[in-house]
Amino acid sequence: MYFEKTAGFPDDFLWGSASAAYQIEGADREDGKGISNWDEFVKIPGKTFKGTTGAVAVDFYHHYKEDIARMAEMGLKTYRFSIAWTRIYPQGNGKVNETGLAFYDNVINECLKYGIEPMVTIYHWDMPQALEDAYHGWENPQIIEDFVTYAVTLFERYGDRVKYWITMNEQNIFTSMGWMEGLHPPGKTDQLKLFYQVNHHANVAHARSVLELKKRFPHAMVGASFAFSPCYAIDCRPENAMAKADFDDLRNYWWLDIYGYGRYPKSAMKYLKSIDCAPDITADEMQDIRQAASLIDFMGVNYYQTAVAEYNDIYGVGANHEVNTTGEKGTAKISGVPGLYKNPANPYLKTTDWDWTIDPMGIRMCCRTITSRYDLPIIISENGLGAFDKLEEDKTIHDPYRIEYLRAHIAELKKAVADGCEVLAYCTWSCTDLLSWLNGYQKRYGFIYVEREEDDASATLNRYPKDSFHWYAEVIKTNGQNL
Ligand code: BG6
C-alpha cells in the first residue's frame, strides 16, 4: 500500500539482536555441561568450514557481562538468546544441573540490570547427544516429554523475569538440513517420511510447551521462530504460479499453519499421503496443536531471503546436498522437488558472497502474509548480513555493506508497520560476531567484531565495535526515524 504520511515504529518497539548458545558460548565442557549433537557432528571431517567447532566460539560464557554492557551502550531494548539444553540437563533428562541454571540467571539478570528485555529461545538446534544415543532424538516421540520437561524447568526458573519465549528456532531449517540434505546432525539425506515425522514430534513439543507456559504464566508472550522465505513465481505462466502454491504449502505453510492455525495444509497433506510420506499423528496431538495455536502471541520470523518457484517436471532436479560454505560467490546449486517446483536464482536481485539473495522487500512480504493469513503480531527474530569484515590496524571495522543491508530492511519493515502489520520487535543477527554453523568465523554477522579466526590457538577474543554498531545505536535512539 502507499501512504502519504506514516507514524513510524511504535514507542514501545523492541529493537534488538539475537544469538544462539552453540554459536557464542564456548565453554563446551565447563560447569557440568553435557555433550550436544553439534559437539559431536562437527568432529566429522568435512562437515564445517575448516573443521570449526563451538568449543570456544566467542566465549560468551566468560564474556557475557562485557557483551551485555555493549548491548546496553548500543541501546538494545531486547536481547534474544537461546539456552543450551545440555547445560540444564546434561543427559537431556533426569538430573538438573544447578550451575547451568545459574548461568542463565546471571545472563537474564544482567540484561534486566540495563533494562534489556530478555527473549529466550528454548531450542536453537543443540540437542543433548545422550538423547540421540538413547532414542535418536527428534525421531522418537519420547522426545516430546523430555522437551516439555526441559521447557517447564526453564519456565519455573525464569518465568518471573522472562516475558518473551520462543519455543523452536527454524524448525524448517534444522529438520531439512538434518534429514534431507545431510548438512546438520544427524546428517541424513533424503529421508522424506522421517523428515515429516520428526517435524510432527517437534510440533507437538512446541504445542505442549506453549500449553505448560500458559498454565503457569498466562501473560507470557510465546511463539515459534520460522525461517520464512516468501516465494515469487518466476513468471505468470500458470504452471509456475502453481509451482509457487506448492512451494508455499510444503515449504512455508506446513509450519506456519501449524503455529498459527493448528492444522496442516490440506493439499500438502494429501500429496504426502499419496507418496506415503505423511507423518503418523494422533487426535490428542492435533488437539494440543490446535489449542496451542489459539494461545500463541506472535509469529517469530527469521528473515534472510526470498525464493523463486518454477515448475519442475517429474524428471527434474531434486534435493541439494551441498551449500556454499566458502564465501565464493556463485557456487550454490539449484534444488527442487520433481513434479512440483524448483528454485532458480532471482535475476532481479543481488546475492551475498554465500549466495543468499538480498531482498529487503521480502521482510515486508513476510509481515503482510502473516498479518493477512493469521492476523498475529510479528517478532522479527533474526535478520542480518553474513559478510567478510576487515579489522584495520587501528582496530576499526568499516562495514557500510552491513549498514546498507540493515537500513534497507528496516525501511521495508517500517512500511509493513504502515501497512497495518503489528510488529513488536526487530532482532538483528547478531550483536557480536559468532560462529556460523557451517561457515566458520569468516562469515561475520555482528555489530561487534570478535578477534578470532578459524584457528582457536591464535584467538584473543577481543571485542571491537564496527561502524554499524554506532549506526544501529542511532537507529534505536531515534526509534527508526534516522536510518
Ligand atoms: C539462521 C539461524 O538460520 O541463520 C542462525 O537461526 C544462523 O543460527 C543464521 O547463524 C545465519 O546462518 P549462517 O549459516 O550464515 O550461520
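Residues numbered from 1 in each chain as written. Predicted model: local features only at pLDDT ≥ 70, side-chain atom pairs only at ≥ 80, totals over all residues. Heavy atoms only, no water.

In the nomenclature of an unreviewed UniProt entry, the chain corresponds to Beta-galactosidase from the organism [Clostridium] innocuum 2959. Among the UniProt annotations of the chain, the heading Sequence similarities (unreviewed entry) holds the following wording: "Belongs to the glycosyl hydrolase 1 family." (UniProt positions renumbered as here; feature names shortened; annotations may be inferred.)

(A) Summary view of the pairing of strand β2 (residues 78–82). When you tally the buried positions in β2, you get 5 out of 5 residues, the bulk of the element. Going residue by residue along β2, you find Thr78, Arg80 and Ser82 tucked away on one face and Tyr79 and Phe81 tucked away on the opposite face as well. Strand direction decides the pairing type here: strand β1 (residues 14–18) and β2, joined by 3 bridges, are parallel. Bridging from a neighbouring strand, Ser17 pairs with Tyr79 of β2. Two elements, β2 and strand β3 (residues 117–123), share 5 bridges in a ladder whose sense is parallel. Across the sheet, Thr78 pairs through a bridge with Glu117, a residue of β3. (Buried < 20%, exposed > 50% of the residue type's maximum accessible area, 1.4 Å probe, protein only. Helix = DSSP H or I, 4+ residues; strand = E, 2+ residues; numbered from the N terminus. Pairing = 2+ DSSP bridges.)

(B) Main features of the UniProt feature "active site" (unreviewed entry) in the chain. According to UniProt, the "active site" (unreviewed entry) feature falls on Glu382. By secondary structure assignment, the location of Glu382 is in strand β11 (residues 378–382). With sequence-adjacent residues up to four places away left out, Glu382 is seen in contact with Ala18, Arg80, His124, Asn169, Glu170, Val301, Asn302, Tyr303, Tyr304, Cys427 and Trp429. A polar side-chain atom of Glu382 sits 3.0 Å from a polar atom in the side chain of Arg80. (Contact = heavy atoms within 4.5 Å. Polar contact = N/O pair within 3.5 Å; in protein donor to acceptor, adjacent residues only side chain to side chain.)

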